[in-house]
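Close look at the chain arrangement
Each chain, letter by letter, is given below.
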Amino acid sequence: MNKKWISSLVLGVIGFGILSLSSHAESGEMVLNFDEGTYLYNEETIRLEVPPMLEEGVTYVPMRSFAELLGFDVSFNSSKNEYVMAHSEWGEEITLGNEESALQHTNGDITYANGKNQIVDNRMMIPLRPLTEALGFQIRPRMDERQVDVSWRDKGAEDEGAEIPERGEELDEETWDLHFSEPGTITQVDSQAVLNVDILDYERVEGETPLIRSNSPEHIRGEGYYYRDTMAGDFRFHFHKQNVRDADVNLYLLATNVSDETAEVSLKHLGTHGPSPFVGDSGRGAVMNYLEGPEDSTADQLELAPGERGLIGSEELSDISLPTSYTLTAYADLHASTDVQFEVLALDEQNDVWSTLPYLYEVDQARGDHHTRGTFDSGDRTLYIDERIGLDRSRLIIGGESDSYVTGYDMMTGEPETNTGNRGVVYSVEIDEVEPYTAITLNPRGGPYVGAFRVNGEVVGAPASGQLSNSSEAAMLYRTGANEESVTIDFIPASGSNLPLNILFEPLEEEYMNLLEE
């Protein structure tokens, strides 16, 4: 029995009434609109008890009514303090801890959420992504339209067309993965053969947005100032910190108006993840939330008189306690109307930031490792490819000789710095002509990789779960359809992972692709 694509779910906000998708025709479209507060399915408006929420780039939905909407039976196991969602037709069962941020799937896999479960109006609100990923659904955020697309297959429907060949039996694993694996899936590649694939040329254009990176030392061993610089205009702030103290700590981004006029500081865009016990998970989650969130997604704004201080992103950053061995990663796009001094500081959770400031010391950079702190002239990089892609196998190298690391200075010491790994740099790869039926995959060449990419507006984990462990693995990112396409790939090299990367472009067999459409 093969799965069939049957419907597309477009997400926004909700209200009352339960409607089971399994009772409808095999195809359909649902629209969840964050501004309208409704689901629209087959021209029928559906409202659930609590509208979904968008917080810090994470979409939340009411657990029970949303699961029932998908045809699940929901029950509560009081002895284990957990919810059980069972779908008889699909053979799926998912358990959800009452206060946990992870789902337990039938096959034992655990999918971690980017957010925490919340109680709103006496209803359990859960992050959308881990539920849909556990079911094998695909998500495509369209935050410029305040919507998210989710696609899934009817696991109970018989395949009336030609059957997809069995992986590893009727078709070798690498070929099967290229043609039939879901975006975010880990696939197998011939690591040595990749090195013989033609390398693509491109035109590189640097953006004008400065980047501040606070990642050295990565480990928080003591309280103090971890970075400081004065900025005006637009810039991006990136930090990635792991607490190795015995006590919980809080991270603060402090702004001080050092000019003689009133300063306005705007937090234009933010992507965070953590606290997470896994460094790679924190890196992937922050990139994913940054790419999924709409620009100008937060209205945080400070107005500071000359000499006045304030905290940036209190709810998203400084209100979050970081337990021992946990990591927090953040990307923040900011604007300052005049000269404002920005400082990253760490304090034990019980210490008040304002009374402790006079007693804090600067924390020295951890020289000799690959972690970096500094201010760099360019935090954006666009790679333009003007040749036709997909006629033959080809690869784009990220982090190679022609894709050099950005340079700058540690403004606390005056020392020159290199942003090893270009972490915090937002890449955009723009390709005008990509052949029909072309697979795009990510192959790490510098060690394990855990990240996220946005391809033509669709955000996908690379990989969706787990990690790319070595150069014999790849993550499926995207496939073009039956027509030529222009393709844009946006990403940030994830903290906790390494460059270089190969983005592979591979022509697919039309006969296999036609099986997905039959």
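For the structure given in this document, a descriptive report is provided here. (Residues numbered from 1 in each chain as written. Predicted model: local features only at pLDDT ≥ 70, side-chain atom pairs only at ≥ 80, totals over all residues. Heavy atoms only, no water.)

Considerations on the overall build of the protein chain
Spelled out, the test is: To qualify as a helix, a DSSP run of H or I must reach at least 4 residues; to qualify as a strand, a run of E must reach at least 2; elements of each kind are numbered from the N terminus. Here, two residues are considered to be in contact whenever any of their heavy atoms come within 4.5 Å of each other. Methods summary: accessible areas were calculated by the Shrake-Rupley approach with a probe of 1.4 Å, and residue burial reflects only the protein chains presented.
When helices and strands are tallied, the protein chain shows 8 helices and 39 strands. Restricting to contacts in the protein chain with at least 6 residues of sequence separation, those with at least 24 account for 74%. Of the roughly 21600 Å² of accessible surface on the protein chain, 41% is carried by carbon and sulfur atoms.

What to know about the nonpolar core
For clarity, the cut-off: In this description, a nonpolar core means a group of buried Ala, Val, Leu, Ile, Met, Phe, Trp, Tyr and Cys residues linked to one another through side-chain atoms lying within 4.5 Å. Categorising residues by exposure relies on relative accessible area from a 1.4 Å probe, with only protein chains included: less than 20% of the type maximum marks a residue as buried, more than 50% marks it as exposed, and the intermediate range marks it as partly exposed.
Among the nonpolar cores identified, the biggest contains 44 residues, and Leu396, Phe453, Ile489 and Ile503 are the most heavily contacted of them. Ile503 has contacts with Ser394, Arg395, Leu396, Ile398, Ile440, Thr441, Leu442, Phe453, Ile489 and Phe491, leaving out every residue within four places of it along the chain. Core analysis: the second largest hydrophobic core is formed by 31 residues, Phe237, Leu253, Ala255 and Leu270 among them.

Structural notes on empty space enclosed by the protein
Our working rule: In this analysis the probe radius is 1.4 Å and the grid spacing 1 Å, with only protein atoms considered; a cavity is a set of points the probe fits into but cannot get out of, a pocket is an open set with protein on both sides within 12 Å along at least five of seven lines, and lining residues have an atom within 4 Å of a point. Grid points are joined across faces, edges and corners, and a volume is the space filled by probe spheres set on the points.
For the structure on display, the rule yields 3 cavities of 30 Å³ or more. Approximately 50 Å³ is the volume found for the second largest cavity. As for the second largest cavity, its lining consists of Glu174, Asp177, Leu178, Thr187, Gln188, Val189, Thr441, Ala474 and Glu506. Of all elements in the fold, only α3 (173-180) and β16 (186-188) reach the threshold of two or more residues within the lining of the second largest cavity. Broken down by element, the lining of the second largest cavity gets its largest block of residues, 3 residues, from α3.

What to know about the side chain of Lys241
This is how it is decided: When charges are counted, Lys and Arg are positive and Asp and Glu negative, with His and the chain ends excluded. Salt bridges are defined as contacts in which a side-chain nitrogen from Lys or Arg sits within 4 Å of a carboxyl oxygen from Asp or Glu.
Within the element layout of this structure, Lys241 appears in strand β21 (residues 224-243). The buried charged residue Lys241 lacks any salt bridge partner; its closest oppositely charged side chain belongs to Glu218, at an N-O distance of 8.5 Å.

Some words on the pattern of salt bridges
Opposite charge on two side chains makes pairing possible when the charged atoms of those side chains draw close. Summed over all chains, the structure comprises 18 salt bridges. Glu343 serves as the salt-bridge partner of Arg228, at 2.6 Å between the closest nitrogen and oxygen. Highlighted residues: Arg228 in strand β21 and Glu343 in strand β27 (residues 327-348), separated in sequence by 115 residues. Of the charged contacts, one joins Glu484 and Arg388 as a salt bridge, the two residues approaching to 2.5 Å between their closest N and O atoms. A residue pair is termed long-range when its members are at least 10 positions apart, and Glu484 in the loop between β37 (473-479) and β38 (485-491) and Arg388 in the loop between β29 (380-385) and β30 (394-398) qualify at 96 residues. Since its relative accessible area comes to 39%, Glu484 is described here as partly exposed. Salt bridges sharing common partners tie together Arg204, Glu206, Arg381 and Asp403.

A word on the sheet that holds β38
As a reminder, the rule being used: One requirement defines pairing of two strands: DSSP has to find at least two bridges between them. Think of each axis as a best-fit line through the C-alpha atoms, taken over the contacting stretch in the case of a helix, with angles from 0 to 180 degrees between the N-to-C directions.
Strand order across the open sheet formed by 6 strands is β18-β29-β33-β38-β35-β36, with mixed pairing between neighbours. With one partner strand each, in any of the chains shown, β18 (203-206) and β36 (458-462) form the two edges of the open sheet. Taking each pair of neighbouring strands and ignoring which way they run, the sheet shows an average axis angle of 20°. Looking at chain direction, strand β35 (residues 451-455) and β38 are connected through 3 bridges and run antiparallel. By the bridge assignment, Arg454 is partnered in β38 with Asp490. Against the sheet, helix α5 (residues 279-292) engages β33 (426-434), β35, β36 and β38, with an angle of about 20° to β35.

Some details on the sheet that holds strand β17 (residues 198-199)
Taken in spatial order, the 6 strands line up as β16-β37-β34-β39-β30-β17 in an open sheet, and their pairing is mixed. The open sheet terminates on both sides in strands that have one partner only, identified here as β16 and β17. Where β16 and β37 come together, 3 bridges link them in antiparallel fashion. The residue of β37 that forms the bridge with Gln188 is Glu473. α3 rests against β16, β34 (438-444), β37 and β39 (501-507) of the sheet, and its axis sits at about 30° to β37.

Quick word on the pairing of β35
Of all 5 residues in β35, 4 are buried, a share of seventy percent or more. Between β35 and the antiparallel strand that follows it, β36, lie 2 residues; Asn456 among them carries a positive phi value of about 50°.

Quick word on the environment of Leu357
As for its position among the elements, Leu357 is in the loop between α7 (353-356) and β28 (373-376). A residue is classified by how much of its surface remains accessible, and Leu357, at 5% relative accessible area, is buried. Along the primary structure Leu357 and Gly224 are separated by 133 residues, whereas in three dimensions their C-alpha atoms are 8.5 Å apart. Beyond its immediate chain neighbours, meaning those up to four positions away, Leu357 contacts Tyr225, Leu254, Arg309 and Leu345.

Some points on the packing of aromatic side chains
How we decide: Only Phe, Tyr and Trp rings take part, Trp by its six-membered ring, and two of them pair if their centres are within 6.5 Å. Stacked means planes under 30 degrees apart, edge-to-face means over 60, and tilted covers everything else. To sit over a ring, a charge needs its Lys NZ or Arg CZ within 6 Å of the ring centre and within 35 degrees of the ring normal.
Enumeration over the complete set of coordinates arrives at 7 aromatic pairs. Each ring, one from Tyr290 and one from Tyr331, has its centre 6.1 Å from the other, and the planes form 65°; the classification is edge-to-face. Of the two residues, Tyr290 is situated in helix α5 and Tyr331 in strand β27; the sequence distance between them amounts to 41 residues. Through a chain of ring-to-ring contacts, the aromatic side chains of Phe235, Phe237 and Phe342 assemble into a single cluster. Across the ring face of Tyr225, the terminal group of Arg228 is positioned such that the distance to the ring centre comes to 4.8 Å.

Description of the pairing of β30
Taken residue by residue, a regular strand's side chains alternate between the two faces of the sheet. For β30, the buried fraction is high: 4 of the 5 residues fall into the buried class. In the sheet, β17 pairs with β30 via 2 bridges, with the strands oriented parallel. Along β30, the bridge assignment pairs Asp198 with Ser394. Where β30 meets β39, 5 bridges bridge the pair, whose relative direction is antiparallel. Bridge assignment links Ser394 to a residue of β39, and that residue is Phe505.

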